[in-house]
There are 2 protein chains.
Amino acid sequence: MSRLALRIAYDGTHFAGWQIQPRERTVQGSLEAALAKVCKQRIRVHGAGRTDSGAHALGQTAHCDIPQDKIGVPWRRAFNALLPADVCVISAHWEDDSFHARYSAKSKIYSYTLWTASEYVIPQRRPYVWPTGPLDIEAMQRVARVLLGRRDFAAMQNAGTPVANTVRSVESIRHCRGSREEEVVWYISADGFLKQMARIMVGCLVQAGRHRLEAEQMETILDSGDRSRAPATAPAKGLCLERVLYRESGDRDGWG
Amino acid sequence: MSRLALRIAYDGTHFAGWQIQPRERTVQGSLEAALAKVCKQRIRVHGAGRTDSGAHALGQTAHCDIPQDKIGVPWRRAFNALLPADVCVISAHWEDDSFHARYSAKSKIYSYTLWTASEYVIPQRRPYVWPTGPLDIEAMQRVARVLLGRRDFAAMQNAGTPVANTVRSVESIRHCRGSREEEVVWYISADGFLKQMARIMVGCLVQAGRHRLEAEQMETILDSGDRSRAPATAPAKGLCLERVLYRESGDRDGWG
């Protein structure tokens, strides 16, 4: 077996998320179906992380172990010939067996796109933005600063999915104009994200941008560790997994 | 009656073009259906120009004459509440009766997006790009220069749709990187476009970028006035009507 690493983009609109589930259309399921067609056996695809139903990716990563008799297959081309139109393999390269798409990941970068015009959304951008209307960017930045750094993000995880350790390091939160002037894109980078953490953080930022959440309140909510005190989760469609960063090997060569 | 001017965006993927046709889903038809719902009568919508089936718009313009008892309607909001998700009204404002979306137009700007990576296309961009693979941009620029200026573009119109005067002024042809590094966007501005002229021009540019068409050949093809000597028409999905420019009134105020 040889370990193949993949960089994957998908439009999450018509997927029930990344993770394979019975009777649901998932990204992992689509990749495994393509693999099974070529290899005539079931091969597990390990993603860097799950993404929610409706969330998108431009740089999801995954690995899978390819039987020796199939290492000559031009894998990127094979995947793209077999995958449905809403998922594609951007690049594929070989890694050694110590590489693991999830456990070797150093950090992840998500983007979240907000549409700030009030009375219309360009049809071409509807599946990829959350239409919020006008936002006070400086007020958002004040709350963003509170969310930075290494701390307990228990208040920023989806209720009902407890994990043992809810401490994460948020490395950066920055914004820029999107592909159109009506768009503001927030990029959030962290060493790991709790379930729906990125979307809950964006929910906080948007409430800040509407002057309904101040930096001090954000501080109090984080300290409380209580999800029910934080604002509503932002919709999945604005979210995109932009990139997964690895230590030496991943960033050095094949990821392109 | 008061003349309402509209700026319209649409995703052309599921439209049989702009122009209303029996038993076809068209942009003009959708706008007229929304108008009829509010006004309880049929009102014609006059577009700046037709766009082909599958072509998109971010800045199509149109006008229509609204009965006096409906001039208090918040028209942008009304349209956007009634239109399907793949078309929207970006802005609406009143013009005087001398304004005509088509005849008052001074020039139009189309964009055409080429996807230059070979082995994959990001799903999110598939409906909006023509995947050509790598292109020699300098070779494209040499052919673009031949297409500039006032001349007879008879060789650049769809066969079988003769118009009396095929002289047009191409004001600029320039390119820039698109929303992703794999994309090159060409912007073509002219005082008018013959049927499929923008797409045929892009077909020429792409052949140039593949070293299959030189500037001198382009010159000869234009001089011949013979459509059959020009390269194949570029697919509609890469094309987008970006903007229609007007003399004083249109650019001055309401177009935003």
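1. Considerations on the relation of the copies chain B and chain A
Line of reasoning, step 1. For the pair chain B and chain A, the superposition axis carries a translation of 0.0 Å, the fit reaches an RMSD of 0.0 Å, and the rotation angle comes to 180°. The symmetry that links the two subunits is that of a two-fold axis. The C-alpha atom lying nearest the rotation axis in chain B is that of Ser179 of chain B; the distance is 3.1 Å.
Line of reasoning, step 2. Taken as a fraction of all interface residues of chain B, those also at the interface in chain A reach 100%, which identifies the copy contact as same-surface.

2. Some details on the interface of chain B and chain A
Line of reasoning, step 1. If you look at the interface, chain B gives 25 residues, while chain A gives 25 residues.
Line of reasoning, step 2. Overall, the association of chain B and chain A removes approximately 1,900 Å² of surface from exposure, summing both partners, and the carbon and sulfur fraction of that is 59%.
Line of reasoning, step 3. Linking chain B with chain A are nine residue pairs in polar contact (both at pLDDT 80 or more).
Line of reasoning, step 4. Only β1 (2-10), β3 (56-66), α2 (75-82) and β4 (87-95) of chain B provide two or more residues apiece to the side of chain B that touches chain A.
Line of reasoning, step 5. In terms of residue class, the side of chain B that touches chain A is made up of 14 nonpolar, four polar and seven charged.

3. Quick notes on empty space enclosed by the protein
All names here are of chain B.
Line of reasoning, step 1. Counted according to the given criterion, the structure contains two cavities of 30 Å³ or more.
Line of reasoning, step 2. Its boundaries defined by the atoms lining it, the largest cavity holds a volume of some 50 Å³.
Line of reasoning, step 3. As for the largest cavity, its lining consists of Ala139, Arg142, Ala208, His211, Leu213, Glu214 and Ala215.
Line of reasoning, step 4. Taken together, the residues of the lining of the largest cavity sort by class into four nonpolar, one polar and two charged.

4. Digging into the domain arrangement of chain A
Residue and element names in this part refer to chain A.
Line of reasoning, step 1. Its domain assignment divides chain A into domain 1 (2-103) and domain 2 (106-243).
Line of reasoning, step 2. Its C-alpha centre places domain 1 at a distance of 27 Å from the equivalent point of domain 2.
Line of reasoning, step 3. Both faces considered, domain 1 and domain 2 share a buried interface measuring about 1,100 Å² in area, 50% of it formed by carbon and sulfur atoms.
Line of reasoning, step 4. When residues of domain 1 are sorted by the area they lose upon contact with domain 2, Asp52, His56 and Leu58 head the list and together hold 43% of the total.
Line of reasoning, step 5. Close ionic contact of Asp52 with Arg199 constitutes a salt bridge, the shortest N to O distance being 2.7 Å.

5. Things to note about helix α1 (residues 27-39) of chain B
An α-helical turn contains 3.6 residues, so any two residues separated by three or four positions project in the same direction.
All names here are of chain B.
Line of reasoning, step 1. The end-to-end C-alpha distance of α1 is 18 Å, a good match for the 18 Å that 13 residues give at a rise of 1.5 Å each.
Line of reasoning, step 2. Within α1, 10 of the 13 residues are buried, which leaves the element mostly enclosed by the surrounding structure.
Line of reasoning, step 3. Along α1, the residues that are buried comprise Val27, Gln28, Gly29, Ser30, Leu31, Glu32, Ala34, Leu35, Val38 and Cys39.
Line of reasoning, step 4. Contacts from the buried residues of α1 go to β1, β3, α2 and β4.
Line of reasoning, step 5. At the exit of α1 stands Lys40, carrying a positive phi of roughly 55°.

6. A word on the pattern of salt bridges
Line of reasoning, step 1. Throughout the structure, instances matching the rule amount to 24 salt bridges over all chains.
Line of reasoning, step 2. A salt bridge links Arg25 of chain A to Asp86 of chain A; its shortest N-O distance comes to 2.8 Å. Here Arg25 of chain A is found in the loop between β1 (2-10) and α1 (27-39), whereas its partner Asp86 of chain A is found in the loop between α2 (75-82) and β4 (87-95), with 61 residues between them in sequence.
Line of reasoning, step 3. Arg25 of chain A gets classed as partly exposed once you look at its relative accessible area, which sits at 36%.
Line of reasoning, step 4. Here Asp223 of chain B ties to Arg151 of chain B by a salt bridge, and the two come within 3.1 Å at their closest N and O atoms.

Scoring rules and cut-offs
- Residues numbered from 1 in each chain as written.
- Chains lettered and ligands numbered in written order.
- Predicted model: local features only at pLDDT ≥ 70, side-chain atom pairs only at ≥ 80, totals over all residues.
- Heavy atoms only, no water.
- Least-squares fit on C-alpha atoms with pLDDT ≥ 70 in both.
- Contact = heavy atoms within 4.5 Å.
- Buried area = accessible area lost by both parts, 1.4 Å probe.
- Polar contact = N/O pair within 3.5 Å; in protein donor to acceptor, adjacent residues only side chain to side chain.
- Helix = DSSP H or I, 4+ residues; strand = E, 2+ residues; numbered from the N terminus.
- Nonpolar A, V, L, I, M, F, W, Y, C, P; charged D, E, K, R; others polar.
- 1 Å grid on protein atoms, 1.4 Å probe; cavity = no way out; pocket = protein on both sides within 12 Å on 5 of 7 lines; lining within 4 Å.
- Points joined across faces, edges and corners; volume = space filled by probe spheres on them.
- Domains from an automatic or database assignment.
- Salt bridge = Lys/Arg side-chain N within 4 Å of Asp/Glu carboxyl O.
- Expected span 1.5 Å × (residues − 1).
- Buried < 20%, exposed > 50% of the residue type's maximum accessible area, 1.4 Å probe, protein only.

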